[in-house]
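The lines below spell out each chain.
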Amino acid sequence: MSEKPTPEEIVGSHRIVVCVGTGGVGKTTVSAAFGMLAARRGLRTLVLTIDPARRLADALGIETLGNEPKRVRLPADALEAHGDIELHAMMLDPKGTFDGLIERFSPNEDIQRQILDNPIYQHASGALSGSGEYAAMEKVLEMSESGDFDLVVVDTPPAQHVLEFLDAPRRLVEFLDSRLVKLLVHPAMAAGRWSVRMFQRPVQGALQLLERVTGVGFLEDLSSFLLAIDDLSDGFKSRAARIESTLLGPQTAFVLVAGPSREATRNAGVFLDHLEDMRARLRGVVINRIRQWPGEEPAADALLRDEIPGAERRQLADALGDANAADAVIDAVRDFACVANQDTRNVEPLTRYAETNRCFFRRVPEQRRDVHDLDTLDQITAALAHSEEKLASP
């Protein structure tokens with residue numbers, strides 16, 4: 001790999017690519033484009049979305065996604081140009097994934113059924129802190145180690161949730177090792193059954209009231225759940241450590257997706273700080289939906305200052321047959337030039353960051369229409385494949 005890797009080198013030299021960023025920047029579309037880029041290199045590729053919205057299915061032109069990989073049907077011309085492309089997609093089902101973990105870590109079927117049938121597990125699975133996010137990373141690890149795929153591209157949720165996603169393995173271990181769990185589980189293990197007498201009087205009264213109001217044996221269910229889950233804690237902690245090691249190891253690359261607005265670039269800067277604190281391996285920055293002036297040179301200063309020579313104005317008016325129409329066209333072009341210049345200025349801090357940290361940097365131009373099929377997705381993929389110096393607007 002070169003000192004400053006390209007997206008093609010990234011997908012060819014890693015097992016997992018994690019696309020992160022704030023909401024509303026087109027991260028799902030960029031994830032799908034990375035999947036297409038890898039598949040066209042002959043890699044068996046899976047794009048896994050953790051965002052419950054159906055944007056990935058739309059971008060890949062398929063009807064539905066589920067918790068099992070689904071092969072994307074590509075147009076005949078793509079297959080002729082690139083051979084037998086293997087591109088798959090799936091959308092995470094956190095509960096189904098976590099149920100699978102219970103089955104895997106249970107020492108026997110009795111313990112497994114105690115947990116899966118327990119009302120506490122079924123209706124309050126949040127008792128395991130970060131269980132949904134942990135399940136997400138478990139699925140990523142499972143797919144990357146399955147042998148079915150050369151690369152897994154992960155489309156993460158918006159930023160307010162992705163931090164939980166990245167921290168999930170550590171938080172789960174902290175919960176299982178917490179003083180609360182030890183206080184609840186080990187006295188119950190010693191007694192062999194739950195006893196309300198172990199609680200201090202205020203807690204005892206609250207739990208008894210809860211039992212009367214709900215009409216269920218809350219204490220018994222909680223006791224059964226915690227005792228059963230304690231048998232699985234070593235397996236969860238071992239797997240969580242492996243997930244974190246994989247997430248932060250050399251086989252995983254993070255790619256930051258950002259928008260060109262001032263607010264989006266500020267949010268991206270905060271996100272970069274968090275990735276650095278975690279020692280995550282950021283390998284690239286993608287600016288999506290940027291407005292760019294056509295060609296390699298910026299818009300002329302005369303246009304930006306509204307100093308178009310009279311002769312050129314008259315020539316345009318003659319071509320359009322109307323002087324007012326010519327003025328309207330010039331105003332619209334000037335407005336776009338100003339916006340394009342502003343976008344370029346807004347992303348300069350991210351450009352410098354990528355250069356300093358030897359990350360690839362790509363600008364993906366704003367498309368003329370929403371990305372909802374493979375043809376439009378091809379334009380995003382092409383933008384990733386081109387160097388930023390040669391990138392042309394669509």
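Residues numbered from 1 in each chain as written. Predicted model: local features only at pLDDT ≥ 70, side-chain atom pairs only at ≥ 80, totals over all residues. Heavy atoms only, no water.

Draft legend 1. Region of the structure containing the overall build of the chain. When helices and strands are tallied, the chain shows 19 helices and 8 strands. A burial count over the chain gives 47% of its 394 residues as buried. Of all intrachain contacts in the chain linking residues separated by at least 6 positions in sequence, the fraction that spans at least 24 positions is 77%. Within the structure as shown, the chain displays about 19400 Å² of accessible surface, and the carbon and sulfur contribution to it stands at 49%. (Helix = DSSP H or I, 4+ residues; strand = E, 2+ residues; numbered from the N terminus. Buried < 20%, exposed > 50% of the residue type's maximum accessible area, 1.4 Å probe, protein only. Contact = heavy atoms within 4.5 Å. Areas by Shrake-Rupley, 256 points an atom, 1.4 Å probe, with all protein chains shown as cover.)

Draft legend 2. Fine view of the environment of isoleucine 85. Position of isoleucine 85 among the secondary structure elements: in the loop between α4 (76–82) and β4 (87–91). With 49 residues separating them in the primary sequence, isoleucine 85 and methionine 36 have C-alpha atoms 8.8 Å apart.

Draft legend 3. Molecular detail of the packing of aromatic side chains. Taken as a whole, this structure holds 2 aromatic pairs when the rule is applied. Measuring from centroid to centroid gives 6.2 Å for phenylalanine 34 and phenylalanine 360, while their planes differ by 45 degrees, and the two rings are tilted. You can see phenylalanine 34 sitting in helix α2 (residues 27–40) and its partner phenylalanine 360 sitting in strand β8 (residues 360–365), a full 326 residues away along the chain. Residue classification places phenylalanine 34 among the buried residues on the basis of a relative accessible area of 0%. Under the relative-accessibility criterion, phenylalanine 360 is labelled buried at 1%. Between the aromatic rings of tryptophan 293 and phenylalanine 336, the centroid separation amounts to 6.4 Å while the plane-to-plane angle is 35 degrees, which identifies the pairing as tilted. With a gap of 43 residues between them, tryptophan 293 in the loop between β7 (282–290) and α15 (301–304) and phenylalanine 336 in helix α17 (residues 323–346) connect regions that are remote in the sequence. Among the residues examined, tryptophan 293 registers a relative accessible area of 24% and is labelled partly exposed. Since its relative accessible area comes to 33%, phenylalanine 336 is described here as partly exposed. (Phe/Tyr/Trp six-rings, centres within 6.5 Å; stacked < 30°, edge-to-face > 60°.)

Draft legend 4. View of the sheet that holds strand β5 (residues 151–155). Ordered in space as β3-β4-β2-β5-β1-β6-β7-β8, the 8 strands form an open sheet in which the pairing is mixed. Both outer strands of the open sheet, β3 (70–71) and β8, are each paired with one neighbouring strand and no more. The sheet contact formed by strand β2 (residues 45–49) and β5 spans 5 bridges and is parallel. Its bridge partner being in β5, leucine 46 is matched across the sheet by valine 152. Helix α14 (residues 262–278) contacts β1 (16–20), β6 (252–258) and β7 of the sheet and is inclined by roughly 165 degrees relative to β6. Sheet strands touched by helix α18 (residues 348–356): β6, β7 and β8. Its angle to β8, the strand with the most contacts, is close to 145 degrees. (Pairing = 2+ DSSP bridges. Axes fitted to C-alpha atoms, helices over the stretch in contact; angles between N-to-C directions.)

Draft legend 5. Up close: helix α13 (residues 233–247). Taking 1.5 Å of rise per residue, the 15 residues of α13 would be expected to cover 21 Å, and the 21 Å separating its terminal C-alpha atoms lies within 8% of that figure. Taken together, the buried positions of α13 are Ser233, Phe236, Arg239, Ala240, Ile243, Thr246 and Leu247. Viewed end-on, α13 has its buried residues packed into an arc of 150 degrees, placing them on one side of the element. Exposed and oriented more than 90 degrees from the buried face of α13 are Asp234, Ser238 and Ser245. (Expected span 1.5 Å × (residues − 1). Arc of directions from axis to C-beta.)

Draft legend 6. Quick look at the environment of threonine 22. Considering the arrangement of structural elements, one finds threonine 22 in the loop between β1 and α2. The exposure class of threonine 22 is buried, given its relative accessible area of 16%. Counting along the chain gives 245 residues from threonine 22 to asparagine 267, while the straight-line C-alpha distance between them is 7.1 Å.

Draft legend 7. Here's a closer look at the environment of isoleucine 330. Take isoleucine 330: it is sitting in helix α17. Put simply, isoleucine 330 and leucine 303 are 27 residues apart on the chain and 8.1 Å apart in space, counted from C-alpha to C-alpha.

Draft legend 8. How the structure looks around the packing of helix α16 (residues 310–320) against α17. Interhelical geometry of α16 versus α17 gives an angle of 115 degrees and a closest axis separation of 8 Å. Once α16 is placed against α17, the crossing between them reads as right-handed. In this structure, α16 contributes Arg313, Leu316, Ala317 and Leu320 to the contact, and α17 contributes Ala323, Ala325, Ala326, Asp327, Val329 and Ile330. (Left-handed = near helix turned anticlockwise from the far one by under 90°.)

Draft legend 9. Molecular detail of the confidence of the model for the chain. This prediction gives the chain a mean pLDDT of 79; 72% of its residues lie at or above 70. Scored below 50 in pLDDT, residues 389–394 shows 15 contacts in the model against residues more than four places distant or in partner chains. (pLDDT = per-residue confidence, 0-100.)

Draft legend 10. Structural context of unusual backbone geometry. Positive phi, normally seen in glycine, also occurs at arginine 279, with a value near 65 degrees. We classify arginine 279 as exposed; its relative accessible area is 71%. For arginine 289, which is not a glycine, the phi torsion comes out positive at approximately 60 degrees. You can call arginine 289 partly exposed: its relative accessible area is 40%.

Draft legend 11. How the structure looks around the packing of helix α5 (residues 94–105) against α13. The contact between α5 and α13 brings their axes to 9 Å, and the two run at 120 degrees. Overall, the two elements α5 and α13 adopt an arrangement that is oblique. The interaxial crossing formed by α5 with α13 has right-handed handedness. Every residue of α13 that contacts α5 at Phe98, Leu101, Ile102, Arg104 and Phe105 is listed here: Gly235, Phe236 and Arg239. Split into classes, the residues belonging to the contact of α5 with α13 amount to 5 nonpolar, 1 polar and 2 charged. (Parallel < 35°, antiparallel > 145°, perpendicular 65-115°, else oblique. Nonpolar A, V, L, I, M, F, W, Y, C, P; charged D, E, K, R; others polar.)

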